[in-house]
Amino acid sequence: LIIPGVYLVVAFLFWGLLVVDRELPAVEAVKESWRLTTGYRWKLFIFLVLSALVYLAGVLACCIPALAIATPVAYLASGYVNLKMRVTQENQFR
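Residues numbered from 1 in each chain as written. Predicted model: local features only at pLDDT ≥ 70, side-chain atom pairs only at ≥ 80, totals over all residues. Heavy atoms only, no water.

Peer 1: What exactly am I supposed to notice about the packing of aromatic side chains here?
Peer 2: For any pair of aromatic rings, geometry is given as the distance between the ring centres together with the angle between the planes. All told, the structure shown has three aromatic pairs when counted by the stated rule. On the basis of an interplanar angle of 40° and a centroid distance of 5.6 Å, the ring pair of Phe12 and Trp34 is categorised as tilted. Pair noted here: Phe12 is in the loop between helix 1 (2-11) and helix 2 (15-21) and Trp34 is in helix 3 (residues 26-37), with a separation of 22 residues, a long-range link. Assessed through its relative accessible area of 26%, Phe12 is described here as partly exposed. Ring centres of Trp42 and Phe45 lie 6.1 Å apart, and the angle between their planes is 90°; on these two criteria the pair is classed as edge-to-face. With Trp42 and Phe45 both in helix 4 (residues 41-62), this residue pair falls three residues apart, about one helical turn. (Phe/Tyr/Trp six-rings, centres within 6.5 Å; stacked < 30°, edge-to-face > 60°. Helix = DSSP H or I, 4+ residues; strand = E, 2+ residues; numbered from the N terminus. Buried < 20%, exposed > 50% of the residue type's maximum accessible area, 1.4 Å probe, protein only.)

Peer 1: What exactly am I supposed to notice about unusual backbone geometry here?
Peer 2: Excluding glycine, most residues fall at negative phi; most peptide bonds, likewise, are trans. The backbone of Glu23 sits at a positive phi, close to 55°, despite the residue not being glycine. Positionally, Glu23 belongs in the loop between helix 2 and helix 3. Overall, Glu23 belongs to the exposed group, its relative accessible area being 68%.

Peer 1: Where do I start with the layout of surface pockets in this structure?
Peer 2: The rolling of a water-molecule-sized probe over the atoms marks out the regions of remaining empty space. Space inside the largest pocket adds up to approximately 220 Å³. Forming the boundary of the largest pocket are Leu13, Leu17, Phe47, Leu48, Ser51, Tyr55, Ala74, Tyr75 and Ser78. At the level of elements, helix 4 and helix 5 (64-92) are the ones that each hand at least two residues to the lining of the largest pocket. Looking at the lining of the largest pocket, the element that brings in the most residues is helix 4, giving four residues. Of the residues assigned to the lining of the largest pocket, the class counts are seven nonpolar, two polar and no charged. Counted as a void, the second largest pocket has a volume near 170 Å³. The wall of the second largest pocket is formed by Ile3, Val6, Tyr7, Val10, Arg41, Trp42 and Phe45. Every element with two or more residues in the lining of the second largest pocket is listed here: helix 1 and helix 4. Among the elements that line the lining of the second largest pocket, the one with the most residues is helix 1, at four residues. (1 Å grid on protein atoms, 1.4 Å probe; cavity = no way out; pocket = protein on both sides within 12 Å on 5 of 7 lines; lining within 4 Å. Points joined across faces, edges and corners; volume = space filled by probe spheres on them. Nonpolar A, V, L, I, M, F, W, Y, C, P; charged D, E, K, R; others polar.)

Shown next as structure tokens:
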């Protein structure tokens, strides 16, 4: 059950950003996240592992102060990856 769960987390990674950024309804955001992550899931999995390592380094370094830095960095990185994927896919369809 762990492997399918990780697969779904990667596939639906951007649904929250899509709800906020594109103002999509929840079901449409899930479908769009599935579409956006198709073909990029291994790279996104590696991105999530690296993000988890940043969090772990924050916890091991100083607990709360380091997490105050690691959390925004991870969220900004996730938003950047989402934007790059959208631009890349939009350019492919032109």
